[in-house]
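# Coordinates in review
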Amino acid sequence: MLKESLSDNADKYGIQSLTTYVLQDTEKPKIPYWSHIVAQFRTLNKSDIMSVVNEANSNFRCGFSYLTTTVVVKKYIPELYKQLAKKGAHFVRIKLTSLKQFIDEHGHMYDYVINCTGLGAKEFVPDVNMYPIKGQVLRVKAPWIKNCVMLDTNEVTYILPLSDLVVLGGTQESDNNCLEMDENQLNQVVERCSKIYPSLKDAEIVSKHAGLRPSRHGGIRIELESIGQVKVVHNYGHGGSGVTISWGCASEFVQCIKKDINKIKSKL
């Protein structure tokens, strides 16, 4: 993704690179397990933090920053669709009620079936471990905001600049299937984000969104399962990190298939 953000395709895919600051109110920074993977990771002290955010945030004493990318999904997904079509992929829209139905009707046509049904996997597989986490965000016009800021607190708070707008978030409600927007909660989001950057209080709101993150007890499911004579590779349960970990998960399920192919070859 970082390479793409520096390429000719950056605008076409809606990808840009930026520094993310994660602020914590603890004595020492809590270092994430993935710190060695991201570019330009470093810890932050109080002085570093106060050079990035408003003085009203003086309760944050430490944290960390790193270089990452943001993606405008409405640009990114259609471009991936085009790339797959160029490589010979065919897209068919049909209504299915279960994985068993698909296998019974179409399973004989494929060497492997990749199951990426997201929250629908709860009924489709079925997988009782799937559950929704409702989230709400706003998109505002604030081109002066260049950095991503996240607060590592009990309340989900983040400011996420995209290549066109800035996302203000958010909320997180487990096992809530309601897609209606809660104006009171959205006002609180704006209030929390405005404490970080006061100029956001009067930023023009372009849109408001409520959605369901496809989360799973036990974490993401990436595994090969034989159902009758059909081999299914499951890849679902990504929660709110679908875009972030999509390429890593894709690589993982490809490895599942390669291992299975090698196992078959060894028996020949």
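Located above this text is the structure these notes cover.
In this report, we go over the structure that sits alongside the text. (Residues numbered from 1 in each chain as written. Predicted model: local features only at pLDDT ≥ 70, side-chain atom pairs only at ≥ 80, totals over all residues. Heavy atoms only, no water.)

### A closer look at the overall build of the protein chain
Under the convention used in this document: Secondary structure elements are defined from DSSP: runs of H or I of at least 4 residues count as helices, runs of E of at least 2 residues count as strands, and each element is numbered from the N terminus. Each residue's exposure class comes from its accessible area (1.4 Å probe, protein chains only) as a fraction of the maximum for that residue type: buried when under 20%, exposed when over 50%, partly exposed otherwise. Contact between two residues is taken to exist if any of their heavy atoms lie within 4.5 Å; hydrogens are not considered. Computed with the Shrake-Rupley method and a 1.4 Å probe, the accessible areas treat only the protein chains shown as cover for residues. Just so you know, the count uses Lys and Arg for positive and Asp and Glu for negative, and it drops His and the chain ends. We put the charge of a Lys on NZ, of an Arg on CZ, of an Asp on CG and of a Glu on CD.
Looking only at helices and strands, the protein chain has eight helices and twelve strands in total. For the protein chain, the C-alpha atoms occupy an extent of roughly 65 × 40 × 40 Å along the three principal directions. Expressed as a percentage of the 268 residues in the protein chain, the buried residues total 38%. Here the analysis covers contacts within the protein chain between residues at least 6 apart in sequence; of these, 72% occur between residues at least 24 apart. With an accessible surface of roughly 16100 Å², the protein chain has 52% of that area assigned to carbon and sulfur atoms. Measuring between centres, the 33 positive side-chain charges of the protein chain sit 5 Å from its 28 negative side-chain charges.

### Quick look at the sheet that holds strand β11 (residues 221-227)
This is how it is decided: In short, DSSP must find at least two bridges between two strands for them to pair. Every axis corresponds to a line fitted to the C-alpha atoms, with the helix fit spanning only the stretch in contact, and the corresponding angles, defined between N-to-C directions, vary from 0 to 180 degrees.
On the basis of which strands lie adjacent, the open sheet formed by three strands has the order β4-β12-β11 and mixed pairing. Both outer strands of the open sheet, β4 (112-115) and β11, are each paired with one neighbouring strand and no more. Strand after strand, the sheet turns through a mean of 20° between neighbouring axes, direction not considered. Sheet analysis places β11 next to strand β12 (residues 230-236), joined by seven bridges and oriented antiparallel. Residue pairing in the sheet places Arg221 in a bridge with Tyr236 of β12.

### Re the packing of aromatic side chains
Test applied: Aromatic rings from Phe, Tyr and Trp, with only the six-membered ring used for Trp, were paired whenever their centres fell within 6.5 Å, and each pair was classed as stacked if the ring planes differed by under 30 degrees, edge-to-face if by over 60, and tilted otherwise.
Enumeration over the complete set of coordinates arrives at seven aromatic pairs. Seen in terms of ring centroids, Phe64 and Tyr66 are 6.2 Å apart; in terms of plane orientation they differ by 25°. Their pairing is stacked. Looking at Phe64, the relative accessible area reads 4%, which means it is buried. Ring pairs connect the aromatic residues Trp34, Phe41, Phe64 and Tyr66, which therefore count as one cluster.

### Concerning the environment of Asp25
By the secondary structure assignment, Asp25 is in the loop between β1 (15-24) and β2 (39-44). Overall, the relative accessible area of 35% leaves Asp25 in the partly exposed class. Counting along the chain gives 38 residues from Asp25 to Gly63, while the straight-line C-alpha distance between them is 8.1 Å. Among all residues touching Asp25, those that are not within four sequence positions of it are Asn59, Phe60 and Arg61.

### Observations concerning the nonpolar core
Convention followed: Within this scheme, the nonpolar core is defined by two criteria: the residues are buried Ala, Val, Leu, Ile, Met, Phe, Trp, Tyr or Cys, and they are joined through side-chain atoms within 4.5 Å.
Leu23, Val149, Ile159, Leu168, Tyr197 and Leu200 are the most contacted members of the largest nonpolar core, which totals 24 residues. Breaking this core down by element, the ones donating at least two residues are β1, β5 (130-141), β6 (148-151), β8 (166-169) and α7 (183-196). For this core, the element with the highest residue contribution is α7, accounting for five residues. Setting aside residues up to four positions removed in sequence, Leu200 forms contacts with Val140, Ala142, Ile145, Ile159, Leu168, Cys193 and Ser194. Among the nonpolar cores identified, the runner-up in size contains seven residues, and Leu99, Phe102, Phe124 and Val232 belong to it.

### Some remarks on a nonpolar patch on the surface
Note the following rule: Like-charged residues within 9 Å of one another, or nonpolar side chains (Val, Leu, Ile, Met, Phe, Trp, Tyr) within 5 Å, are grouped into patches, provided each residue has over 30% relative accessible area and no salt bridge. Definition used for salt bridges: Asp or Glu carboxyl oxygen within 4 Å of a side-chain nitrogen of Lys or Arg.
Nonpolar side chains collect at one region of the surface, where Met1, Val73, Ile77, Val243 and Trp247 lie side by side and expose about 440 Å² of accessible area between them. Counting only elements with at least two residues in the nonpolar patch, the list comes to α4 (73-86) and α8 (242-267). Along the chain, Val243 turns up in helix α8. Given the relative accessible area of 32%, Val243 is considered partly exposed.

### A few points about the side chain of Thr171
Our working definition: In protein, a polar contact requires one atom able to donate a hydrogen and another able to accept it; more generally it is a pair of N or O atoms within 3.5 Å, and residues adjacent in sequence count only if both atoms are side-chain atoms.
Mapped onto the elements, Thr171 comes out in the loop between β8 and β9 (173-174). Using a relative accessible area of 7% as the deciding quantity, one classes Thr171 as buried. Looking at Thr171, its side chain comes within polar contact range of the main-chain nitrogen of Gln136, at 2.8 Å. Those residues in contact with Thr171 that lie beyond four places of it in its chain are Lys134, Gly135, Gln136, Val156, Gln185, Val189 and Arg213.

### Remarks on helix α5 (residues 99-106)
Of all the residues in α5, the buried ones are Leu99, Gln101, Phe102 and Ile103. Those residues of α5 hidden inside the fold are in contact with β4, α6 (121-124), β11 and β12.

### Observations regarding the pairing of β12
When you tally the buried positions in β12, you get six out of seven residues, the bulk of the element. Here β4 runs beside β12; their pairing, made up of four bridges, is parallel. Bridge assignment links Val113 to a residue of β12, and that residue is Val232.

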